[in-house]
Amino acid sequence: MVQVRMTVNGREVSGEVEGRTLLVTFLRENLGMTGTHVGCDTAQCGACVVHVDGASVKSCNMLALEAEGASVATIEGQAGADGSLNAIQQAFQDHHGLQCGFCTPGMVMSAAALLKENPKPSEAEIRHYLDGNICRCTGYHNIVKAIMAASGQDVAMAAE
């Protein structure tokens, strides 16, 4: 077992892990942060997306030890301190960008990364950016609308 330390959602954390422990496993099992989902274990679905030092990563494809000393942001850290939804989360709710909710944490985290890089993405840019995130329920249309709304754009721009 090896000691790992990182900052998760602004809070210093540490724990003992095996060298093969994935970041998603550390978050879920060691820290009890179950908002980051495990969908495929092969970095195909995007349900496990978190931000490590500001970069969007699939935590099922990263060892916890690789995050040593890093700043990690998860879906649990996206809401306001009072529990209020952030702009992206609110837009997903307002525009029905979720159904079963399994992919939602990864979609929200990917959307946050996209909007940080490109504050006013086009519909095509949103769809391209979400290429690594799978949703089996919504057909993506309302997710795209939600991201456009979160960016302050007219959702009518999204193709029907």
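Residues numbered from 1 in each chain as written. Predicted model: local features only at pLDDT ≥ 70, side-chain atom pairs only at ≥ 80, totals over all residues. Heavy atoms only, no water.

Naming follows an unreviewed UniProt entry, where the protein appears as (2Fe-2S)-binding protein of Seohaeicola nanhaiensis.

The next thing to look at is the packing of helix H3 (residues 104–117) against helix H5 (residues 141–150). Pairs of packed helices are described in terms of their axes, by the angle between the two and the distance that separates them. The geometry of H3 relative to H5 is characterised by a closest axis approach of 11 Å and an angle of 40 degrees between their N-to-C directions. When the interaxial angle is binned, H3 and H5 end up oblique. Crossing handedness for the pair H3 and H5: right-handed. The residues of H5 that touch H3, namely those facing Met107, Ala111, Leu114 and Leu115, are Ile143, Ile147 and Ala150. Grouping the amino acids of the contact of H3 with H5 by side-chain chemistry returns seven nonpolar, no polar and no charged. (Axes fitted to C-alpha atoms, helices over the stretch in contact; angles between N-to-C directions. Helix = DSSP H or I, 4+ residues; strand = E, 2+ residues; numbered from the N terminus. Parallel < 35°, antiparallel > 145°, perpendicular 65-115°, else oblique. Left-handed = near helix turned anticlockwise from the far one by under 90°. Contact = heavy atoms within 4.5 Å. Nonpolar A, V, L, I, M, F, W, Y, C, P; charged D, E, K, R; others polar.)

Quick look at the packing of helix H2 (residues 87–94) against H5 now. With their axes 8 Å apart at the nearest point, H2 and H5 run at an angle of 135 degrees to one another. Taken together, the axis directions place H2 and H5 in an arrangement best described as oblique. Classified by chirality, the crossing of H5 by H2 is right-handed. Contacts between H2 and H5 pair Ala87, Ile88, Ala91 and Phe92 from the former with Ile143, Ala146, Ile147, Ala149 and Ala150 from the latter. Residues belonging to the contact of H2 with H5 are distributed by class as follows: nine nonpolar, no polar and no charged.

Of all hydrophobic cores here, the largest spans 21 residues; its most connected members are Ile88, Phe92, Met107, Ile126, Leu130, Ile143 and Ile147. The dominant element in this core, judged by the number of residues it contributes, is H3, at seven residues. Contact partners of isoleucine 147, with chain neighbours within four places excluded, come to Phe92, Ala111, Leu114, Leu115, Ile126 and Leu130. (Core = buried A, V, L, I, M, F, W, Y, C linked by side-chain atoms within 4.5 Å. Buried < 20%, exposed > 50% of the residue type's maximum accessible area, 1.4 Å probe, protein only.)

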